[in-house]
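This is what each chain is made of:
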Protein chains: 6
Amino acid sequence: MVDSVFMAELSWPEYEAKVKAGATVFLPLGATEQHGPHMAMNVDVVLPTGVCERVAREVGGLVAPCVPYGCKSMPRSGGGEAFPGTTSLDAHTFSLVIRDIIRGLGRDGVRRIVLVIGHYENMWPSVEGLDLGLRELRRDGIVDMDVMRLEYWDFVKRETLDRLFPDGFPGTELEHASLLETSLMLLLRPELVEMDKVPSDGPAKFPTYDRWPTPKGFGPASGVLAVAHGSSAEKGQWLMDDHVSLISAAVRKEFNL
Amino acid sequence: MVDSVFMAELSWPEYEAKVKAGATVFLPLGATEQHGPHMAMNVDVVLPTGVCERVAREVGGLVAPCVPYGCKSMPRSGGGEAFPGTTSLDAHTFSLVIRDIIRGLGRDGVRRIVLVIGHYENMWPSVEGLDLGLRELRRDGIVDMDVMRLEYWDFVKRETLDRLFPDGFPGTELEHASLLETSLMLLLRPELVEMDKVPSDGPAKFPTYDRWPTPKGFGPASGVLAVAHGSSAEKGQWLMDDHVSLISAAVRKEFNL
Amino acid sequence: MVDSVFMAELSWPEYEAKVKAGATVFLPLGATEQHGPHMAMNVDVVLPTGVCERVAREVGGLVAPCVPYGCKSMPRSGGGEAFPGTTSLDAHTFSLVIRDIIRGLGRDGVRRIVLVIGHYENMWPSVEGLDLGLRELRRDGIVDMDVMRLEYWDFVKRETLDRLFPDGFPGTELEHASLLETSLMLLLRPELVEMDKVPSDGPAKFPTYDRWPTPKGFGPASGVLAVAHGSSAEKGQWLMDDHVSLISAAVRKEFNL
Amino acid sequence: MVDSVFMAELSWPEYEAKVKAGATVFLPLGATEQHGPHMAMNVDVVLPTGVCERVAREVGGLVAPCVPYGCKSMPRSGGGEAFPGTTSLDAHTFSLVIRDIIRGLGRDGVRRIVLVIGHYENMWPSVEGLDLGLRELRRDGIVDMDVMRLEYWDFVKRETLDRLFPDGFPGTELEHASLLETSLMLLLRPELVEMDKVPSDGPAKFPTYDRWPTPKGFGPASGVLAVAHGSSAEKGQWLMDDHVSLISAAVRKEFNL
Amino acid sequence: MVDSVFMAELSWPEYEAKVKAGATVFLPLGATEQHGPHMAMNVDVVLPTGVCERVAREVGGLVAPCVPYGCKSMPRSGGGEAFPGTTSLDAHTFSLVIRDIIRGLGRDGVRRIVLVIGHYENMWPSVEGLDLGLRELRRDGIVDMDVMRLEYWDFVKRETLDRLFPDGFPGTELEHASLLETSLMLLLRPELVEMDKVPSDGPAKFPTYDRWPTPKGFGPASGVLAVAHGSSAEKGQWLMDDHVSLISAAVRKEFNL
Amino acid sequence: MVDSVFMAELSWPEYEAKVKAGATVFLPLGATEQHGPHMAMNVDVVLPTGVCERVAREVGGLVAPCVPYGCKSMPRSGGGEAFPGTTSLDAHTFSLVIRDIIRGLGRDGVRRIVLVIGHYENMWPSVEGLDLGLRELRRDGIVDMDVMRLEYWDFVKRETLDRLFPDGFPGTELEHASLLETSLMLLLRPELVEMDKVPSDGPAKFPTYDRWPTPKGFGPASGVLAVAHGSSAEKGQWLMDDHVSLISAAVRKEFNL
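Residues numbered from 1 in each chain as written. Chains lettered and ligands numbered in written order. Predicted model: local features only at pLDDT ≥ 70, side-chain atom pairs only at ≥ 80, totals over all residues. Heavy atoms only, no water.

Under an unreviewed UniProt entry, chain A has the name Creatininase and belongs to Hansschlegelia plantiphila. On record in UniProt, under Sequence similarities (unreviewed entry), the comment for chain A is "Belongs to the creatininase superfamily." In its Cofactor (unreviewed entry) section, the UniProt record describing chain A reads: "Zn(2+)". (UniProt positions renumbered as here; feature names shortened; annotations may be inferred.)

Undergrad: If you had to explain the interface of chain C and chain B to someone new, which residues and values would you point to?
TA: At the junction of the two partners, chain C supplies 36 residues and chain B supplies 36 residues. In total, chain C and chain B occlude about 3,100 Å² of area from one another, counting both sides; carbon and sulfur atoms represent 53% of this. Sorting the residues of chain C by area buried against chain B places Trp-124, Tyr-209 and Trp-212 of chain C first, and these three jointly supply 25% of that buried surface. If you look at where chain C meets chain B, you find 12 salt bridges. Residues Lys-72 of chain B and Asp-131 of chain C are paired through a salt bridge, measuring 2.7 Å at the closest nitrogen-oxygen approach. A class-by-class count of the residues in the side of chain C that touches chain B yields 19 nonpolar, 3 polar and 14 charged. Two strands pair when backbone bridges link them, and strand E5 (residues 209–212) of chain B and strand E4 (residues 146–151) of chain C are joined in this way by 4 bridges, in the antiparallel orientation. (Contact = heavy atoms within 4.5 Å. Buried area = accessible area lost by both parts, 1.4 Å probe. Salt bridge = Lys/Arg side-chain N within 4 Å of Asp/Glu carboxyl O. Nonpolar A, V, L, I, M, F, W, Y, C, P; charged D, E, K, R; others polar. Pairing = 2+ DSSP bridges. Helix = DSSP H or I, 4+ residues; strand = E, 2+ residues; numbered from the N terminus.)

Undergrad: Break down the packing of aromatic side chains for me, with residues and values.
TA: Remark: the centre distance and the inter-plane angle together describe each pair of aromatic rings, the angle taken between the planes. Summed over the entire model, instances satisfying the criterion amount to 42 aromatic pairs over all chains. Taken together, the ring pairs in this structure connect Tyr-120, Tyr-152 and Trp-153 of chain A together with Trp-124 of chain F into an aromatic cluster. Note that Arg-163 of chain C overlies the ring of Trp-238 of chain C, its terminal NZ or CZ placed 3.9 Å from the centroid. (Phe/Tyr/Trp six-rings, centres within 6.5 Å; stacked < 30°, edge-to-face > 60°. Lys NZ or Arg CZ within 6 Å of the ring centre and 35° of its normal.)

Undergrad: Pulling in residues and values, what's your account of the state of the cysteines?
TA: A full pass over the atoms with the stated rule returns 0 disulfides over all chains. With no disulfide of its own, Cys-52 of chain A lies 7.8 Å from the sulfur of Cys-66 of chain A, the closest cysteine sulfur. (Disulfide = S-S within 2.5 Å.)

Undergrad: Quick rundown of the interface of chain B and chain A? Include the residues and the values.
TA: On the chain A side, the residues contacting the 55 residues of chain B number 55 residues. At the boundary of chain B with chain A, total buried surface from both sides reaches about 4,000 Å², with 62% on carbon and sulfur atoms. Taken together, the links from chain B to chain A amount to 24 residue pairs in polar contact (both at pLDDT 80 or more). When residues of the side of chain B that touches chain A are traced back to their parent elements, those giving at least two are helix H1 (12–20) and helix H4 (91–108) of chain B. Top element by residues in the side of chain B that touches chain A is H4 of chain B. It accounts for 11 residues. When the residues that make up the side of chain B that touches chain A are grouped by side-chain class, the tally is 28 nonpolar, 15 polar and 12 charged. (Polar contact = N/O pair within 3.5 Å; in protein donor to acceptor, adjacent residues only side chain to side chain.)

Undergrad: Tell me what's going on with the pattern of salt bridges, and back it up with residues and numbers.
TA: This structure, assessed with the given rule, holds 198 salt bridges over all chains. Residue Glu-14 of chain A is joined to Lys-197 of chain B by a salt bridge in which the shortest nitrogen-to-oxygen separation is 3.8 Å. With Glu-14 of chain A in helix H1 (residues 12–20) and Lys-197 of chain B in the loop between helix H7 (179–188) and E5, the pair connects residues from two separate chains. With relative accessibility at 38%, the residue Lys-197 of chain B sits in the partly exposed group. As a salt-bridge pair, Glu-136 of chain F and Arg-103 of chain F come within 2.7 Å of each other at their nearest N and O atoms. With Glu-136 of chain F in helix H5 (residues 123–139) and Arg-103 of chain F in helix H4 (residues 91–108), this pair connects stretches of sequence that are 33 residues apart. On the accessibility criterion, Arg-103 of chain F (3% relative accessible area) is buried. Overlapping salt bridges, with partners in common, bring together Lys-72 and Asp-90 of chain A, Arg-99, Asp-100, Arg-103, Arg-107, Glu-136 and Asp-140 of chain B together with Glu-128, Asp-131, Arg-135 and Arg-139 of chain F in one network. (Buried < 20%, exposed > 50% of the residue type's maximum accessible area, 1.4 Å probe, protein only.)

Undergrad: Which residues make up helix H7 (residues 179–188) of chain E, and what values go with them?
TA: All names here are of chain E. Burial runs high along H7: 9 of the 10 residues are buried. The set of residues buried in H7 consists of Leu-179, Leu-180, Glu-181, Thr-182, Ser-183, Leu-184, Met-185, Leu-186 and Leu-188. Among the structural elements, helix H2 (43–59), helix H6 (158–164) and helix H8 (233–255) are those in contact with the buried residues of H7.

Undergrad: Help me get a handle on the environment of Glu-128 of chain F, residues and values and all.
TA: Note that Glu-128 of chain F resides in helix H5. As a C-alpha pair, Glu-128 of chain F and Ser-95 of chain F span 33 residues in sequence and 5.9 Å in three-dimensional space. At 3.1 Å, the side chain of Glu-128 of chain F forms a polar contact with the backbone nitrogen of Ala-91 of chain A.

Undergrad: I'd like to hear about the relation of the copies chain B and chain A, residue by residue, with values.
TA: Relative to chain A, chain B is turned by 180° and slid 0.0 Å along the rotation axis, the superposed coordinates differing by an RMSD of 0.0 Å. Put plainly, the chains are arranged around a two-fold axis. Using C-alpha coordinates, one finds that chain B approaches the rotation axis most closely at Thr-93 of chain B, a distance of 3.2 Å. (Least-squares fit on C-alpha atoms with pLDDT ≥ 70 in both.)

What follows is the structure, encoded as structure tokens:
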């Protein structure tokens, strides 16, 4: 059988052996969400899965199946639920999914889990799901679970951001469907990117509040919140190198690997 | 961009155009579950997704991302939760996931959905999730949603089963990780099957009831409930041909395509 | 006081004594559901309660109050929710009811429970409810609960079915409001059956999938999915004899009674 | 078939006809709860069902199946959950059950429902369940549902209480398993009462607060909160006469019957 | 810093010290609810908080922040949800709030809690919330939590009621926005009472049942269920003296303070 | 009666009149959470309530009662749940509270609501609660609700931050219990601040990920994440002036006031 880092590509005895050997399990948390007219809607699945795959290889871990439906998109960070194709879960549903997966992994004997967020709006419900899952495990007598929870995009060197954004980094939230994500997609799934469709209606100028109902023109009609021009697979590689090395280092440090 | 039947491989404007044109959306409902020592644990993701992909091409539809975590496995149909790697959701969680996806698709304008079950234990919670989702859509004023819900394995000709099981078909439930699933995996993801690891501790002889806690030896220790010997990609192709042609025909008939 | 097998017909000290003596508790799970124009809607309450009563006498157990509202009816197995009088619970509600009863019995000291399903659609939510109840009991320190879960209609001898269906058994799902249930009702509550109202619009010819909304003519308008002609109390007795002897034997074996 | 006021003893066409004719549906809400050493634990099922049966005959209504598991018992009104045999639902579960039944009846076309409480602790969760059920019906377009909710024991004449309690009525809460309930059971199910086992450890002297955990001796060890001596079927008849006539009058007035 | 009995007015080290010293924590449970045209809608916050504050001083305890939104108001006890400004939680929501607060206090080391109800309809959901919270704490290994739950208005001497109601006490439920509450508000927050706006449309004459929808004229249009004329701060002081002395005595007795 | 901007300090007719006149309702969302050894634990209640009060006066609105228990605290933004006194709700509970309040206000006729977050971790569950509440209102036929949701601390001028942090602003998250919050408390409730207890163990140096269990020394033991030295009521006034003027301007603009 293939020697895969993907948990679901292993047979159960293979998985059992790796868990007994102490494998860290990475759980990518994605979404099905608009990412502009120039990219597929699976960006938040492809990217964290790609990062997890590489980090798992580095540190000798496994990657659990990515949760492909995320918590509902907000206009200021992902364009919002009104975009066709953005198909999301309620926060409570999402948290229960995380709770159940954590509980299942814990019962299998997994004792080190890293949640890797690939969709901004998954941040808080993943915190909640983790808390609920660990609470259940404790009540089932499993008290030694070690967990990290991170957004992969936070693991980038200052100098890389400076190279990527000579005019200044617009900030994580606005990067939706923009240069960072587009470059990483060009690296991992170039056939799902069409650079000639990159729009020019950004960057978004959001106020410091949310609005219901979302007013017309609250964000760019394209769904690209900042700017995707200038994206390239090469830049994607710079980012991926940072993500993998910095996350691997953090995981090794925290879990004494 | 690739011309994909996978919804998440489209950009949102491409998806929007297909939905406006009346595309049927297929939603495969999988699991991460032991499938014997000779196969990967993603069988219930790979198979319904593969079926959906082919049917969607036939009828001009789209495939939504497969839900990769299923409702909890039972000993008599999937080996049960005690197998390492079987990582499942509570029925309520699973139903809420389906509810939310149905609601999301309905709001996008999708009016024809086919739920394709790839994991036995997803049957009833998918019924519940559908009922909850349609209830919400009705209350949001969307009353014309047309849905089918099916187990792909039911779409097979009598003659094909006779060819596959000259000694008689043991029945759907016992087929877990057995000849049907193994043959389809050999067709779709042969690198995830190792025929030399096929066990011989089946077929299971289950009583007509469930037991808690699961008694020792309640089912085969391997997790293969019937027999996987004799599986082949060719047999997988026979099955796939039936699944695709029969499901396509049913969908065309029901949705007047 | 009457020496009753019905738990709720005992005083609490009588119940306490029987529980301390190790009584097995049978919990019938029924429904309020259409059963054709010739029978009352309490069939799924009367039948499993009648079976439980007799088995409890055989093995020295108790019968807890039957849950009289079941999980929502499906067209292919019970006619569906559109029939007037079919009054059902959401799957989550039903599971919580089971969870709470299991938890309550467990706290009383009961250590052997048999769930006896009398309504097809209760199968899976009863599994879920049990899992939730046992999970709570474990967390309350009660880890030695022994449970069986069964559909009473599965406990019938091949030869009895052959006697009942000389032309072949149509299968459990289609038997809704048909020969088996009608015969058992004629045995237990003949005043609730009117054989001259038995319809002839069956047997149903269902496709291998569910449909929403239910198409006109999807199943017989009468609600009798197969055929009820030829039902008799005598046949009901044959069935009851099988149910009682086979379930009693299974319970004795599993619980070492 | 029997001409029954019990909804579940009708066939669906009979039920449909009665609903179309405007039948009021009575829903008794019971419990499985200790009622002293001298009575069965189904008192809260038998009594409200018996009242509903008689009132339904008076006003031409139907009785839906009694919910036999109630909301958790409290020491000051029912002895509390620590009594063996008291088997209860969480308030949320109980409310969802009511919600679902109300919704189901409403969809059948029922437009007049009377909830008849037979267990003190069902009061508030029945209010909640009703509110949830009516909320759902409104959202399904059913806005003309008329509902009453009552405790049957409140429908008694002052003079009857004076006859029953020449020394003064101790109040509804303390009447648990005491003279009122015992007399009504002697009327309806005398075989489930053993007057020679009536205890003498009451009446309870409760403080004006609840306590967790319940202190030893907080209430009478027998579970009889007031006094059951002197109960008789004759007194039960006095009560039943009041209950039936007063409730019937109230229902007729409110629903213009 | 101020030496406050209000937990939230302490710094965390001050709070920690008091908890370690065994402080009893009082949790007032209020509402935002109409209280007639002559009073503010925070009566059910002001009154139990005022009582808790004084009792906490007496017995050396702390007062947790009052929950300012209560369980939904009923016409017969609070006027009902139709009054503008009455802003309430579902029973389940309210119970979860109590559950979470109890759990949080328990984890902090608090071992004595008194729930003080200031809003009639909070009674039962506070019981449920407590039960859920204590259940969780037990599963977290905290089994020695001591709790009281009370309605402050029950702690009044017979002679005080006689002084207040020379013509007879109308009963707790009807006292909504009436003499007792108005007098206590005149004591605690006189600027929120306007005696010249006291209405005269009471006392209410309610039947012994609830009705949905609430009929016109079911209760007084003013929202004052009994009579508020004659209220005074002096009478409020009589009540407050009783509440504080009787509750303090009960708490000391139960918790051995 | 006082002419109050606090909704709960009005009588229901006064409130009704203001709602009919189109009053915007401000809902502060607080917490009971450690804020260092030098401040009370009600900071997240006092501050957003104070801001809301002033903005409501500016724009002619009302302030609903502050929710005093927030969503669970995280180590990187509030110190975490391990601090004594931090008493929080699960995210689901918190969302349901918001849902219910929104629904209640909407039914009263309120059509403009501003959620003002005073506790970092309330951000996302307030989004969820709003979404759930608006969903319910839509289904109840109320489709014209206008809502803003904001963190008050985002409404500050660049120049004010520059004045406050001549060495650079450490960022919102780290400001927990630090200069901004301390200065505002010195302005609003100086008696709840003890400047001589301001600790010096910050600023926190957090990694870019969360950890479970929280490692020793993950954040400052004091709970002050940045630096509180140098706080003053004068600086609090600068901040308050910005908050009030900028939020008022935003509300006026969005709601056309």
